[in-house]
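Residue-level structural notes
For reference, the chains in residue letters:
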Amino acid sequence: MEPLFEKICRQLELGAPLSPPVPITGGLLHRMFALHTAKGRFALKLLNPSIMARETAMENYAVAEELERRLEEKSIPILGAITFGGQKMQKTDGQFFYLFPWYEGRAMQPDEITESHCQTVGALLAALHAAGYEDGTGRFDSCENRFNDSVLRDDEQASSAQYPDAENRSNDPQEKSGNSFCYSLKAQKPEEPPAQGISIPWDTYIERMEAHHGELSQLLARNRALLYESQAKGNQAMGKISSLRTICHNDLDYKNILWNNGSCRIIDLECLSWGNPFFELYETALYWSGYERDCIDPHLMERFLHAYRQAGGLLPEDWAAYYDGCYGRLEWLAYNMDRVLDENTDSAERSIGLQEIPKTIAHIVCYRQSRDTILRCLEPFTYRPGPTRYR
């Protein structure tokens, strides 16, 4: 066993290891291990040193931990890190890490996702967002649009993996009446300046890749026009994006929810931040409706959005702006090219980058080809002020 794991066990008083740590696959940024000691089973996440070296890393993690505690207080079904000495993040021999209780669950694969999964996750996302709109008094200020458990029994085919503790939530009719979309935003983080967009030098990447990975350079070159067009449209869309902000997970795809019979847990909470709920709603609806398989299923997307709306989630007025402004894949592509081109990147990181570059380009191409299908699915869930709230 590596000395690092033994030191962690001693530092946190976990008892003697009963077996060597077992790597857990799935994550693309950090390393995960199953740890079995005399005091139980745990999941250990070793944080990526290159991420932790960033100037904003500690501040971002501090915000994420604060929001994680808030979600724990609200009984959102998350798998939060264990606190030691008043802190969640720990450090041993320069290695930052988190330790989690072991949860016997597994992530769904894209081809396993059903309408019931979409229904459950849509409701969970609405509950997570609701935790950030609260006015600080324990209930919403003059708001009739709350998360409630009706969505989880919306039809006879509802998922068995329902929001836990639904029966323990308040029965106060003032907290469960109507559907008027009027959240109080008193406790919101102060509004930040609008995003300025991105400026990724695709030509530079094409040139640099040519010297090391000719095939990838050619793949980038074939899609050069699409990359620049997507970037330009994304930047233009920023002026149309709502300034509304709440708690966002920022990566609630199928890999980050573990399922176990009638329950589930949200993981990978280091991404928590204050963000735009409409962007997260849009991206998460894509994740759970087949985008990762390059095939959008309208029925899955409809079920997801219906559940989110029925659970009290807010909806945007202009979905096209969020379609164009969703350029996370462009940033992920650039990140992975940096992984490959940085001479200080270790072989494992570089290997991940080489695998992710062609996959990400394929997703970007599919995304552009699916534009009409995506917007057609979203159109019935467009918010309009006034007596008729939806088209």
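Residues numbered from 1 in each chain as written. Predicted model: local features only at pLDDT ≥ 70, side-chain atom pairs only at ≥ 80, totals over all residues. Heavy atoms only, no water.

Another aspect to go through is the overall build of the protein. The helix and strand inventory of the protein stands at 13 helices and ten strands. Going through the 391 residues of the protein one by one, you find that 51% of them count as buried. Long-range contacts, defined as pairs at least 24 residues apart, comprise 72% of the intrachain contacts of the protein with a sequence gap of at least 6. For the protein, the exposed surface amounts to about 18500 Å²; the carbon and sulfur share of it is 48%. (Helix = DSSP H or I, 4+ residues; strand = E, 2+ residues; numbered from the N terminus. Buried < 20%, exposed > 50% of the residue type's maximum accessible area, 1.4 Å probe, protein only. Contact = heavy atoms within 4.5 Å. Areas by Shrake-Rupley, 256 points an atom, 1.4 Å probe, with all protein chains shown as cover.)

So, about the pattern of salt bridges. With the rule as written, the count across this model stands at 13 salt bridges. Among the salt bridges present, the one from Lys7 reaches Asp93, with a minimum N-O distance of 2.6 Å. Of the two residues, Lys7 is situated in helix α1 (residues 3–11) and Asp93 in the loop between β4 (90–92) and β5 (95–101); the sequence distance between them amounts to 86 residues. Put simply, Lys88 and Glu72 hold a salt bridge, and the shortest N to O gap is 3.4 Å. Of this pair, Lys88 sits in the loop between α3 (57–73) and β4 while Glu72 sits in helix α3; the two residues are 16 residues apart in sequence, bridging distant segments of the chain. Judged by its relative accessible area of 1%, Lys88 falls in the buried class. With a relative accessible area of 35%, Glu72 lands in the partly exposed category. Here the salt bridges do not stand alone but share partners, grouping Lys45, Asp268 and Glu270 into one network. (Salt bridge = Lys/Arg side-chain N within 4 Å of Asp/Glu carboxyl O.)

The next point concerns the confidence of the model for the protein. For the protein, the average pLDDT comes to 83, and 81% of its residues sit at 70 or higher. No element of the protein has a lower mean pLDDT than helix α2 (residues 49–52), which averages 91, and none a higher one than β5, which averages 97. Of the regions scoring below 50 in pLDDT, residues 135–194 engages in 128 contacts with residues more than four places distant in sequence or in other chains. (pLDDT = per-residue confidence, 0-100.)

So, about the environment of His129. Topologically, His129 is positioned in helix α4 (residues 115–133). What makes His129 buried here is its relative accessible area of 1%. Considered as a pair, His129 and Cys248 are 119 residues apart in the sequence and their alpha carbons are 6.5 Å apart.

Its 23 residues give helix α12 (residues 347–369) an end-to-end C-alpha distance of 34 Å, which sits within 8% of 33 Å, the value for a rise of 1.5 Å per residue. Within α12 the residues assigned to the buried category are Glu349, Gly353, Glu356, Ile357, Thr360, Ile361, His363, Ile364, Cys366 and Tyr367. The opening residue of α12 is Asp346, an N-cap whose side-chain oxygen sits 3.2 Å from the backbone nitrogen of Ala348. (Expected span 1.5 Å × (residues − 1). Polar contact = N/O pair within 3.5 Å; in protein donor to acceptor, adjacent residues only side chain to side chain.)

Let us look at the sheet that holds strand β8 (residues 257–260). Across the sheet, three strands lie side by side as β6-β8-β9; this open sheet has antiparallel pairing. The outermost strands of the open sheet, each flanked by one partner alone, are β6 (106–107) and β9 (263–266). In the packing of α4 onto the sheet, contacts are made with β8 and β9, and the angle to β8 comes to roughly 125 degrees. (Pairing = 2+ DSSP bridges. Axes fitted to C-alpha atoms, helices over the stretch in contact; angles between N-to-C directions.)

Below, the discussion takes up α1. Buried within α1 we find Leu4, Phe5, Ile8 and Cys9. When α1 is viewed along its axis, its buried side chains cluster within an angular range of 135 degrees and face the same direction. In α1, the exposed positions angled more than 90 degrees off the buried face are occupied by Pro3 and Arg10. If you follow the buried residues of α1, they end up packed against β2 (31–37), β3 (40–46), β4 and β5. (Arc of directions from axis to C-beta.)

Next up on the list: unusual backbone geometry. Of note in the backbone geometry, Glu13 takes a positive phi value of approximately 55 degrees without being a glycine. Along the chain, the position of Glu13 falls in the loop between α1 and β1 (22–24). Note on Glu13: relative accessible area 58%, which makes it exposed.

Most often, soluble globular proteins have nonpolar side chains that are buried together. Ranked by size, the top nonpolar core spans 81 residues in total, and within it Tyr282, Trp288, Phe304, Leu305, Trp319 and Leu333 carry the most contacts. At ten residues, the largest contribution of residues to this core is made by α4. Not counting chain neighbours up to four residues away, the residues in contact with Phe304 comprise Cys118, Val121, Gly122, Leu125, Leu281, Thr284, Ala285 and Trp288. Counting residues in hydrophobic clusters, the runner-up holds 14 residues, among them Ala43, Leu47, Ala57 and Tyr335. (Core = buried A, V, L, I, M, F, W, Y, C linked by side-chain atoms within 4.5 Å.)

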